[in-house]
Amino acid sequence: MSPLRVLGIETSCDETAVAIVASNEGALGGRIVEERLLSQLEDHAPYGGVVPEIAARAHLSHLDRLVAETMAGSGLGWDDLDAVAATAGPGLIGGVIVGVMTAKSIALARGLPFVAVNHLEGHALTARLTATQDDPLDFPYLLLLVSGGHCQFLAVEGVGRYTRLGTTIDDAAGEAFDKTAKLLGLGYPGGPAVEQAAMKGDATRFDLPRPLKGRDGCDFSFAGLKTAVRRLLEEGTAEALPPGPLKDQDTADLAASFQAAVADVLADRSANAIATFRARHPGARHMVVAGGVAANAALRARLDGAARDHGLTLIAPPMALCTDNAAMIAWAGLERFAAGFTDSLDIAPRPRWPLEELQRRE
Ligand code: KG4
Ligand code: ZN
């Protein structure tokens, strides 16, 4: 297959991102030709979370310029592209509309095919972007998708073909990190701050719950874990956490104890998910972890062990491709285009869009 080049746009949360990716000669992997990413962290930080209206306006203010910069930096012309892709959901709808309308306008003006990408499919396929001849990632593989809004195991059986094996029954893992960070006064976004604090902490100091650990199936629950941290902070116990303001060491120990509990749960649930997945696909070899929480080095190390113990090799995309970015959207767009899926300019952005619904659309 000759190389393809696709422009991708991501605006579903608080990153305005544009990228051009190209597939390699042959069928495996690709490379990022050029990319721009503008984080809105500072705009949202005072509110302790993403404010949808601020996000949408910021996307609107910056997206055109980032597209122009990406094109100029790539040295490519519009005719060198094979398609334009944008996140069409799930996500904060104001931002999604900005990205989708921009991509549709480019497609219409330049006569290029448009690909509406499900943000989760972007996360799901990213690991194939960095795959190589020596280190290929073929379908099917087991995916643990852990982000701010999602926490699920999926059997990835092909482009657009996903079977959900388990999901969270309350909070997503990233949400648990963010809420715990808020309780600990570590600010927003919580994941990286908790990981940083945990490095200096004693993970054995606080005995936090491991929800659903040891139970059948591969669903998750994180709400109880966050509540346990809150109770500790509110009630404390004389010897566990003396009253008064938290000392830096207390914060570090709480962060480390929390992260260890999440790691234990992810490893336990992974063992069950791998068993279910291997029953469906006995010859499969890989487990992939993707989404913002996959940027956590301690969790990656733990999942690596869990996968190996149960006969699979763990693949985690480079850190920068775990959190939201446009290369993953361009790549998912490229894979969809290569598989023959393009979308009409009539397609509507979707605030909710479960991955399993992709199959029905085709
Ligand atoms: O995939 P992502 O960038 O956005 C969504 O689609 O949700 O994921 C963001 C989530 C946030 O909850 C953030 O706190 C979490 O990923 N996260 C982390 C780390 N980096 C980002 N969680 C734990 N450790 C990290 N290093
Ligand atoms: Zn994401």
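In what follows, the accompanying structure is described.

**Here's the deal with unusual backbone geometry**
- Along the chain, Gly 89 connects to Pro 90 via a cis peptide bond; the corresponding omega equals -15 degrees.
- The omega torsion of the bond from Tyr 188 to Pro 189 falls at -5 degrees, within 30 degrees of zero and hence cis.
- Looking at the secondary structure, you find Pro 189 in the loop between helix H5 (173-183) and helix H6 (190-198).
- Here Leu 212, not a glycine, exhibits a phi torsion of approximately 70 degrees, which is positive.
- Relative to the helices and strands, Leu 212 is located in the loop between H6 and helix H7 (223-235).

**Here we look at the sheet that holds strand E10 (residues 313-315)**
- An order of E8-E7-E6-E9-E10 is seen for the five strands of this open sheet, with the pairing classed as mixed. Only two strands of the sheet have a single partner each, and these edge strands are strand E8 (161-167) and E10. Averaged over all adjacent pairs, the angle separating strand axes in this sheet is 25 degrees, with direction ignored.
- By the bridge criterion, six bridges tie strand E7 (residues 151-158) to E8 in an arrangement that is antiparallel. By the bridge assignment, Leu 154 is partnered in E8 with Arg 164.
- Helix H4 (residues 119-129) contacts strand E6 (141-146), E8, strand E9 (286-290) and E10 of the sheet and is inclined by roughly 130 degrees relative to E6.

**Digging into the coordination of the zinc ion (ligand 2)**
- Protein-derived ligands of the zinc ion (ligand 2) are His 119 (NE2), His 123 (NE2) and Asp 324 (OD), with the metal-ligand distances lying across 2.1 Å.
- Here the donor residues of the zinc ion (ligand 2) are spaced in sequence according to H-x3-H-x200-D. Highlighted residues: His 119 and His 123, both in helix H4, separated by four residues, approximately one helical turn. For the residue pair His 119 and His 123, the accessibility class agrees, reading buried in each case.

**A word on the packing of aromatic side chains**
- Enumeration over the complete set of coordinates arrives at four aromatic pairs.
- For the ring pair Phe 177 and Phe 258, a centre distance of 5.0 Å and an interplane angle of 85 degrees mean the geometry is edge-to-face. In this pair, Phe 177 is assigned in helix H5 and Phe 258 in helix H8 (residues 248-280), connecting sequence segments 81 residues apart. No difference in accessibility class separates Phe 177 from Phe 258, as the two residues are buried.
- Joined through ring pairs, the aromatic side chains of Phe 153, Phe 220 and Phe 222 make up one cluster.

**Considering the side chain of His 123**
- Here His 123 falls in the buried class, since its relative accessible area comes to 1%.
- Discounting residues that sit within four places of it in the chain, His 123 has contacts with Leu 145, Ala 290, Gly 291, Gly 292, Cys 322, Asp 324 and Met 328.

**Here we look at the environment of Glu 335**
- As for its placement among the helices and strands, Glu 335 is situated in helix H11 (residues 327-338).
- The class of Glu 335 is buried, set by a relative accessible area of 8%.
- Separated by 295 residues in sequence, Glu 335 and Gln 40 place their C-alpha atoms 28 Å apart.
- Not counting chain neighbours up to four residues away, the residues in contact with Glu 335 comprise Leu 125, Arg 128 and Val 159.

**Focus: the site of ligand 1**
- Surveying the vicinity of ligand 1 reveals 18 residues, the closest of which are Gly 148, Asp 178, Gly 191, Glu 195 and Asp 324.
- At a separation of 2.6 Å, an oxygen atom of ligand 1 approaches a polar side-chain atom of Asp 178.
- Between ligand 1 and Asn 296 there is a distance of 3.1 Å, counted from a nitrogen atom to a side-chain nitrogen or oxygen.
- In isolation ligand 1 exposes 550 Å². Once the protein is present, 87% of that is buried.
- Mapped by element, the contributors of at least two residues to the shell around ligand 1 are H4, H5 and H6.
- Counting contributing residues per domain, the shell around ligand 1 is built from domain 1 (5-130 + 321-361) and domain 2 (141-316), each supplying no fewer than three.

**A few points about the nonpolar core**
- In this structure, Leu 7, Leu 143 and Tyr 162 are the most contacted members of the largest nonpolar core, which totals 59 residues.
- Taken together, domain 1 (5-130 + 321-361) and domain 2 (141-316) each give at least three residues to this core, which thus spans both.
- With residues up to four places along the chain from it excluded, the contact list for Tyr 162 reads Glu 121, Ala 124, Leu 125, Leu 154, Ala 155, Val 156, Leu 355, Glu 356, Leu 358 and Gln 359.
- Phe 177, Val 194, Phe 222 and Leu 314 belong to the second largest nonpolar core, which has 49 residues in total.

**Quick notes on a nonpolar patch on the surface**
- Side chains of Ile 93, Ile 97 and Met 101 sit close together on the surface and give an oily, nonpolar patch of about 240 Å² of accessible area.
- You can call Ile 97 partly exposed: its relative accessible area is 39%.

Definitions and cut-offs
- Residues numbered from 1 in each chain as written.
- Chains lettered and ligands numbered in written order.
- Predicted model: local features only at pLDDT ≥ 70, side-chain atom pairs only at ≥ 80, totals over all residues.
- Heavy atoms only, no water.
- Helix = DSSP H or I, 4+ residues; strand = E, 2+ residues; numbered from the N terminus.
- Pairing = 2+ DSSP bridges.
- Axes fitted to C-alpha atoms, helices over the stretch in contact; angles between N-to-C directions.
- Contact = heavy atoms within 4.5 Å.
- Donors = N, O, S within 2.8 Å, 3.2 Å for Na, K, Ca; no water.
- Buried < 20%, exposed > 50% of the residue type's maximum accessible area, 1.4 Å probe, protein only.
- Phe/Tyr/Trp six-rings, centres within 6.5 Å; stacked < 30°, edge-to-face > 60°.
- Near = heavy atom within 4 Å.
- Polar contact = N/O pair within 3.5 Å; in protein donor to acceptor, adjacent residues only side chain to side chain.
- Areas by Shrake-Rupley, 256 points an atom, 1.4 Å probe, with all protein chains shown as cover.
- Domains from an automatic or database assignment.
- Core = buried A, V, L, I, M, F, W, Y, C linked by side-chain atoms within 4.5 Å.
- Patch = residues over 30% accessible without salt bridge, like charges linked within 9 Å, V, L, I, M, F, W, Y side chains within 5 Å.
- Salt bridge = Lys/Arg side-chain N within 4 Å of Asp/Glu carboxyl O.

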